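Chain by chain, the residues run as shown.
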Amino acid sequence: MNTALTATYALTVLLLIATPGPVVALIVNTAAASGSRKAMFTAVGTNWASLVLIGAAAWIILTSAAIDKAWLSGMSLLGCLFIGYIAVGTLKEALQAPTPASANEAPGPGRGGLLQGFMVGISNPKDIIFFIAFFPQFIQITESFGKSMVVLSLLWVAIDFAVLSLYIFAIGKIASQRSNRVISMASGVALLLIAAGGLLYNLKELAA
């Protein structure tokens, strides 16, 4: 294994994943609203989605299959609408002032979970294009294409889960009724902006 190339890949992935996006916003909101356990299940769901997208990208690289740009943009539009739906629900929940009787109760079912994590993770199929462009730069970490894809995929998932776990841990340390509401509102606004930006971009791509 090419150790230097592997280390470069790991550092690049760390920086990419640590940058806030829809997955991080969902994880942070779930940790604040529903607790660490549900946030962990959400992280598992987003990692599951990453593996699906990585698998699709690997198949395309291996077979040199073409991708229909209009199909990807259409699917991305649906993904943005789903993220927007989550954002609106998150903001509604955050704006509902808790009653005194509920102040000391455990977190409700809230949002997040394995399925929702997967749906947010898979909501932008254009990530396949990213993996197609990204992985070939590091495919020579071993002498075999198959082994390299396995190593790259496992490293991606391990780093992704580690970074999301740190976010969950950090939210758990600062958790309070007031801070959780602020975090949920901030996460909801972030998700809404991401959804709006994605909608505008994909509508422009379809119109071009």
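Just so you know, these numbers come straight off a predicted model, no measurement behind them. (Residues numbered from 1 in each chain as written. Predicted model: local features only at pLDDT ≥ 70, side-chain atom pairs only at ≥ 80, totals over all residues. Heavy atoms only, no water.)

**Here we look at the overall build of the protein chain**
- For the protein chain, the helix and strand inventory stands at eight helices and zero strands.
- Looking at the 208 residues of the protein chain, the share that counts as buried comes to 41%.
- Long-range pairs, those at least 24 residues apart, make up 88% of the contacts in the protein chain between residues at least 6 apart in sequence.
- Element-wise, carbon and sulfur atoms account for 71% of the exposed surface of the protein chain, whose accessible area totals about 11,200 Å². (Helix = DSSP H or I, 4+ residues; strand = E, 2+ residues; numbered from the N terminus. Buried < 20%, exposed > 50% of the residue type's maximum accessible area, 1.4 Å probe, protein only. Contact = heavy atoms within 4.5 Å. Areas by Shrake-Rupley, 256 points an atom, 1.4 Å probe, with all protein chains shown as cover.)

**Regarding the UniProt feature "transmembrane region" (unreviewed entry) in the protein chain**
- UniProt records the feature "transmembrane region" (unreviewed entry) for residues 41–63, 70–88, 150–170 and 182–203 in the present numbering.
- In residues 150–170, the share of helix is 100% and the share of strand is 0%. The end C-alpha atoms are 30 Å apart. (UniProt positions renumbered as here; feature names shortened; annotations may be inferred.)

**Describing the environment of Ser 36**
- Structurally, Ser 36 is set in helix H3 (residues 36–63).
- Look at Ser 36 and you get partly exposed, because its relative accessible area is 37%.
- Along the chain, Ser 36 and Ser 165 lie 129 residues apart, while their C-alpha atoms are 8.9 Å from each other.

**Quick word on a nonpolar patch on the surface**
- On the surface, Phe 41, Val 44, Trp 48, Val 52, Leu 114 and Phe 161 cluster together into a nonpolar patch covering about 510 Å² of accessible area.
- Ranked by residues supplied to the nonpolar patch, first place goes to H3 with four residues.
- Take Val 52: it is sitting in helix H3. (Patch = residues over 30% accessible without salt bridge, like charges linked within 9 Å, V, L, I, M, F, W, Y side chains within 5 Å. Salt bridge = Lys/Arg side-chain N within 4 Å of Asp/Glu carboxyl O.)

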